[in-house]
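Observations on the model geometry
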Amino acid sequence: MKRNKSIFLVLIYLIIGGLIFFKFQFLPKTNNSEPITQTDFQPTLPDSTESLKTSSLAEPVANFKARVTKKPFGIYSTPQNSPIQPERFTGYHTGADAEYEDAKTDVPVFAVNDGKITFSQYASGYGGVFILETEMNEKKHSVLYGHIRPASLPRVGTTFSKGQQIALLGTGYSNETNGERRHLHFAILTDTRLDIKGYVSKKADLSGWINPLSLY
Ligand SMILES: [Zn+2]
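Throughout what follows, the structure given in this document is the object of discussion. For clarity, every value in this text was computed on a predicted model and none was experimentally measured. Going along each chain's sequence as written, the residues are numbered from 1 onward. Per-residue local features of the predicted model are confined to residues with pLDDT of at least 70, and side-chain atom pairs are confined, for both listing and counting, to 80 or more; whole-chain, interface and lining totals are unaffected and use all residues. To obtain the side-chain values, all non-hydrogen atoms of the structure were included, while hydrogens and water were left out.

1. Some words on the pairing of strand β10 (residues 183–189)
Under the convention used in this document: The rule is simple: take the accessible area with a 1.4 Å probe, protein chains only, and divide by the maximum for that residue type; under 20% is buried, over 50% is exposed, in between is partly exposed. Secondary structure counts use DSSP, requiring at least four H or I residues in a row for a helix and at least two E residues in a row for a strand, with both numbered from the N terminus. A pair of strands is treated as paired once DSSP finds two or more bridges between them.
Where burial is concerned, most of β10 is hidden: seven out of the seven residues are buried. The two faces of β10 match: His183, His185, Ala187 and Leu189 on one face and Leu184, Phe186 and Ile188 on the other face are all buried. Two elements, β10 and strand β12 (residues 209–210), share two bridges in a ladder whose sense is antiparallel. Note that in β12 the partner of Ile188 across the bridge is Ile210.

2. Notes on the side chain of Asp97
So the rule is basically this: In protein, a polar contact requires one atom able to donate a hydrogen and another able to accept it; more generally it is a pair of N or O atoms within 3.5 Å, and residues adjacent in sequence count only if both atoms are side-chain atoms. In this description, contact between two residues means that some pair of their heavy atoms is separated by no more than 4.5 Å.
Tracing the backbone through its elements, the reader meets Asp97 in strand β3 (residues 96–99). One polar contact links Asp97 to His185, side chain to side chain, over a distance of 3.2 Å. Every residue in contact with Asp97, bar those within four places of it in the chain, is listed here: Arg67, Val68, Thr69, Lys71, Arg181, His183, Leu184 and His185.

3. Considering the side chain of Ser152
For Ser152, the location among the structural elements is in the loop between β7 (139–148) and β8 (159–160). The exposure class of Ser152 is buried, given its relative accessible area of 18%. Looking at Ser152, its side chain comes within polar contact range of the main-chain oxygen of Arg149, at 2.8 Å. Polar contacts involving the side chain of Ser152 include one to the main-chain amide nitrogen of Leu168, which spans 3.0 Å. Not counting residues up to four positions away in its chain, the partners in contact with Ser152 are Ile166, Ala167 and Leu168.

4. Side note on the coordination of the zinc ion
Rule in force here: Note: metal donors comprise N, O and S atoms at 2.8 Å or less from the metal (3.2 Å for Na, K and Ca); water molecules are not included, so apparent gaps in a site are possible.
The zinc ion binds to the protein through His93 (NE2), Asp97 (OD) and His185 (ND1), with metal-donor distances spanning 2.0 to 2.1 Å. The sequence pattern formed by the donor residues of the zinc ion is H-x3-D-x87-H. Residue His93 is located in strand β2 (residues 91–93), and its partner His185 is located in strand β10; the two are separated by 92 residues in the primary sequence. Owing to a relative accessible area of 1%, His93 belongs among the buried residues under this scheme.

5. Observations regarding the nonpolar core
Condition: Joining through side-chain atoms within 4.5 Å is the link that ties buried Ala, Val, Leu, Ile, Met, Phe, Trp, Tyr and Cys residues into a set, and such a set is a nonpolar core.
Ranked by size, the top nonpolar core spans 26 residues in total, and within it Val109, Tyr145 and Leu184 carry the most contacts. If near-sequence neighbours (up to four positions away) are discounted, Tyr145 is found in contact with Pro60, Val109, Phe110, Ala111, Val112, Gly128, Val129, Phe130, Leu132, Leu184, His185 and Phe186. Ranked by size, the runner-up nonpolar core spans twelve residues in total, among them Ala123, Tyr126, Val129 and Ile131.

6. Describing the pattern of salt bridges
Stated precisely, the cut-off is as follows: Salt bridge, as applied in this entry: a Lys or Arg side-chain nitrogen positioned within 4 Å of an Asp or Glu carboxyl oxygen.
Per the counting criterion, the structure on display carries 13 salt bridges. Two residues, Arg67 and Asp102, come together in a salt bridge whose shortest N-O distance is 2.7 Å. Remark: Asp102 occurs in the loop between β3 and β4 (108–110) and Arg67 occurs in helix α3 (residues 64–67); sequence separation between them is 35 residues. According to the relative accessible area criterion, Asp102 is partly exposed, its value standing at 44%. The closest approach of N and O atoms between Asp195 and Lys197, which form a salt bridge, is 3.3 Å. Among the residues examined, Asp195 registers a relative accessible area of 14% and is labelled buried. Residue Lys197 is classed as partly exposed on the basis of its relative accessible area of 42%. Within the structure, one salt-bridge network assembled from shared partners comprises Arg88, Asp97, Glu99, Glu180 and Arg181.

Below is the structure:
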């Protein structure tokens, strides 16, 4: 009997030892003496934070960069010298135009980042136009999409996640684009203002916009 009791005690010690070992080995380690506070907690950021943020934007339309062939950001055009003929606008171009005259099917446009629609309506010079408000480089910006099919326009207040389809380009030379060719006028404002100007008369006023191609 005494021997059985000894074996029993050894087994108990082994079980307790095993449980203690398990706790230290596999359970999350906590520091009970110093509770973590908001100010103590410093999240670690990846080394290349800056490049990660800017290069992580989704394209507003397929092959965006390659499709900007006629009217880049900042070009000064008049009805006389414009790469687009006939031309009715004069001024410095506030966006970059991605050309889709050759498209045989509907051309979807996508959210370049997580954001919320702050403007969406039919406007002279555009046909359908909407603004997605989104945060880039820790600052909120208005991102404008012009020449959109009015029937596909999103409602103000709708949220979209990066890469999600928002709407379709309008059909060229129709009411949907206010008579313009099928293309996306894509502009990024420096802040969240609801400014839909496609052109500005003074070069200095371009400072209210960012060259979209510089972010891709
Ligand atoms: Zn344009």
